[in-house]
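Listed here are the chains, written in short residue letters.
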Amino acid sequence: MTTIIKNGTIVTADLTYKADVKVEGGVITEIGPNLSGGDELDATGCYVMPGGIDPHVHLEMPFMGTYSTDDFESGTRAGLAGGTTMVIDFCLPSPGQSLLEAIQMWDNKSTRANCDYSFHMAITWWGEQVFNEMETVVKEKGINSFKHFLAYKGALMVNDDELYASFKRCAALGATPMVHAENGDVIAELSAQLLAQGNNGPEAHAYSRPSQVEGEATNRAIMIADMAGAALYVVHTSCEESHEAIRRARQNGKRVWGEPLIQHLTLDETEYFNDDWDHAARRVMSPPFRNKQHQDSLWAGLQAGSLSVVATDHCAFTTEQKRTGVGDFTKIPNGTGGLEDRMPMLWTYGVSTGRLTMNEFVAVTSTNIAKIMNMYPKKGAVLVGADADLVVWDPNKEKTISANGQQSAIDYNVFEGKKVKGLPRFTMTRGMVAIADGEVKTQEGHGQFVKREPNAPVNAALSKWKELSAPTPVKRTGIPATGV
Ligand SMILES: NC(=O)NCCC(=O)O
Ligand SMILES: [Zn+2]
Ligand SMILES: [Zn+2]
């Protein structure tokens, strides 16, 4: 089947120009003026951009005694409705479980995906088996990124010795370690203290995770990665302290990326002070929403390039699930939604306000992610030969975000009432039109797993540099005799 996207303006991470796009067999086969010979999609007045890639989602995630409600079907449908054409989920082995067995479980869940997807592997425990299986995960399973939690003590958290060992293994395999950077020990202490003082509402979740716990853990992870010779991807960077550590590291030549979430960019801590318990609990996530100064820092980081991508950490729980934590904030399942709204929210609050150019928008929602995760230009590009994961973006289309009519399976939306201007006219996943003028035409199971090779250019450059600058013995001529 041949489709021509006609009369649009192509916007990539570095170019803006008028051209038509021909799509055949799921890939882009021609770009140029006046193309014909297929079904036509009218892109008059629209921008034709690489579809969004969300590098951080948790679909049907087993967490805090339950499962996140959006699964690979509803989650990817929500993504497509908002212009996102690929997601990367986290494969989470339970303690002691084989990494390969966990991949099998994630493979089973993801067969329902409506768009392409990939996995990061989480390192949730450490031992010889994990060390050995990491090689198979990279070389045979096509996963080149490994996530480490410094928070969630007693559950997903790993200690510094495990972190250093795993980071070294990642470096040796040409893979990228990732980190959820919050100091889990301090959070556990603060949480117990708050509960003992009668502070048990959702606002105490924010009190228990001040920005210092994030700044400390980010800096620690950066330094440990540097000593291990590994690059580092810091997920959900939410505050100036964490951004500062990332900014400093990058200025010093360290290969570190920071990932703010659309929620942290546009929602703030006052949400937790709402006197409706449900309203506040629905917004409980880690790290919590911050104040305006932290938000300004994140926006500035996207502008300056010290922060690289925008994600959602989509991990959606229903109100019923959130209510598990009535009387004890530590039991409120952590996570919020955002897959459907990331692109329109970032366009409205970023591009339309002049904080980001359109090209920067494409970079942080798609191209930078494809490059860091080593799947560019198959993904994240409008180029001949690239997958036809495209969004025809109408900058004049408007809506007010509401849980009513959303694709996500949960019963509320943390962006409820926000007015957005800039929405998909068409979203195309590997050549298939999944969204057409608001009409959802997704096909369950259309999504395919995207294998990602190790040794991305930056990882390869870093390992060469680390090899050249490794400690070497000094060649001496005059060595005194021993035992004299
Ligand atoms: N972020 C969050 O609160 N939930 C999802 C799991 C994680 O990424 O920490
Ligand atoms: Zn996290
Ligand atoms: Zn997450």
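The residue numbering used here restarts from 1 in each chain and proceeds along that chain's sequence as written. Working convention: letters from A go to chains and numbers from 1 go to ligands, in the order in which they are written. Restriction of local features to residues with pLDDT of at least 70 applies here, the model being predicted, together with a cutoff of 80 or more for giving and counting side-chain atom pairs; totals for whole chains, interfaces and linings are based on all residues. By convention in this description, side-chain values take in all heavy atoms of the structure and omit both hydrogens and water.

The name given to the protein in an unreviewed UniProt entry is Dihydropyrimidinase, and the organism recorded there is Ahrensia kielensis. UniProt positions are given in the numbering used here, feature names are shortened, and annotations may be inferred rather than shown by experiment. The UniProt entry for the protein carries the following comment under Sequence similarities (unreviewed entry): "Belongs to the metallo-dependent hydrolases superfamily. Hydantoinase/dihydropyrimidinase family." Among the UniProt annotations of the protein, the heading Cofactor (unreviewed entry) holds the following wording: "Zn(2+)".

Visitor: A description of the coordination of the zinc ion (ligand 2) should follow, citing residues and the corresponding values.
Guide: The rule for donors is simple: N, O or S, within 2.8 Å of the metal, or within 3.2 Å if the metal is Na, K or Ca. Water isn't counted, so a site may look like it is missing partners. For the zinc ion (ligand 2), the full set of protein donor atoms is His180 (ND1) and His236 (NE2), at a range of 2.1 Å. Site shape is set this way: if four donors have all angles between 85 and 135 degrees, tetrahedral; if opposite donors are over 155 degrees apart and all others between 65 and 115, square planar for four donors and octahedral for six; otherwise irregular. In this structure, the zinc ion (ligand 2) is coordinated by four donor atoms arranged in irregular fashion, with angles at the metal of 57 to 149°. The metal-metal distance between the zinc ion (ligand 2) and the zinc ion (ligand 3) is 3.7 Å. Placement of the pair is histidine 180 in strand β14 (residues 176–180) and histidine 236 in the loop between β15 (232–234) and α8 (240–251), with a sequence separation of 56 residues. For the pair formed by histidine 180 and histidine 236, the shared burial category is buried. By definition, any uninterrupted DSSP run of H or I lasting at least four residues is a helix, any uninterrupted run of E lasting at least two residues is a strand, and each is numbered from the N terminus. Three exposure classes are used, based on accessible area relative to the maximum for each residue type with a 1.4 Å probe and protein chains only: buried under 20%, partly exposed in between, and exposed over 50%.

Visitor: Which residues make up the sheet that holds strand β5 (residues 27–32), and what values go with them?
Guide: The sheet built from four strands is open, its strands ordered β5-β4-β1-β6 with mixed pairing. Only two strands of the sheet have a single neighbouring strand rather than two, namely β5 and β6 (39–42). Direction aside, neighbouring strands of the sheet carry axes that sit 20° apart on average. Strands are labelled as partners when DSSP assigns at least two bridges between them. One ladder, built from four bridges, connects strand β1 (residues 2–6) with strand β4 (residues 20–24); its direction is antiparallel. Of the residues in β4, the one forming a bridge with isoleucine 5 is valine 21. An axis is simply a line fitted to the C-alpha atoms; with a helix, the fit covers only the stretch in contact. Between two such axes, the angle follows the N-to-C directions and lies from 0 to 180 degrees.

Visitor: So what's going on with the pattern of salt bridges? Residues and values would help.
Guide: The salt bridge criterion pairs a side-chain nitrogen of Lys or Arg with a carboxyl oxygen of Asp or Glu, the two atoms within 4 Å. One pass over the full model with this rule turns up 29 salt bridges. Glutamate 240 is paired through a salt bridge with arginine 247; the nearest N and O atoms lie 2.9 Å apart. What makes arginine 247 partly exposed here is its relative accessible area of 26%. Taking the shortest distance from any N to any O, the salt bridge between aspartate 268 and lysine 292 comes out at 3.1 Å.

Visitor: Got a sec to walk through the sheet that holds β15? Specific residues and values, please.
Guide: One open sheet accounts for seven strands, arranged β8-β11-β12-β13-β14-β15-β16; its pairing is parallel. Edge positions in the open sheet fall to β8 (52–57) and β16 (256–258), since each of these has one partner strand only. Direction aside, neighbouring strands of the sheet carry axes that sit 25° apart on average. Bridge analysis of strand β11 (residues 84–91) against strand β12 (residues 116–122) gives six bridges, and the strand direction is parallel. Residue isoleucine 88 lies in a different strand from β12, and its bridge partner there is serine 118. By definition, residues are in contact when any of their heavy atoms lie within 4.5 Å. Here helix α4 (residues 160–173) sits on the sheet in contact with β13 (145–149), β14 and β15, set at roughly 170° to β13.

Visitor: Kindly report on the site of ligand 1, identifying the contributing residues and their values.
Guide: Lining the immediate surroundings of ligand 1 are His56, His58, Phe149, Tyr152, His180, His236, Met285, Ser286, Asp313, Cys315, Asn334 and Gly335. The contact in question runs from an oxygen atom of ligand 1 to an N or O atom on the side chain of histidine 58, over 3.1 Å. One nitrogen or oxygen atom from the main chain of asparagine 334 is found 3.0 Å from a nitrogen atom belonging to ligand 1. Method for areas: the Shrake-Rupley scheme with a 1.4 Å probe, in which residue coverage is limited to the protein chains shown. Coverage of ligand 1 by the protein amounts to 100% of the 260 Å² it exposes when considered alone. Nonpolar residues are Ala, Val, Leu, Ile, Met, Phe, Trp, Tyr, Cys and Pro. Charged residues are Asp, Glu, Lys and Arg, and all others, Gly as well, are polar. Along the lines of polarity and charge, the residues of the shell around ligand 1 split into four nonpolar, seven polar and one charged. The near set for a molecule or strand comprises every residue that places at least one heavy atom within 4 Å of it. Two N or O atoms form a polar contact when they lie within 3.5 Å of each other; inside protein one atom must be a possible hydrogen donor and the other a possible acceptor, and for residues adjacent in sequence the pair counts only when both atoms belong to side chains.

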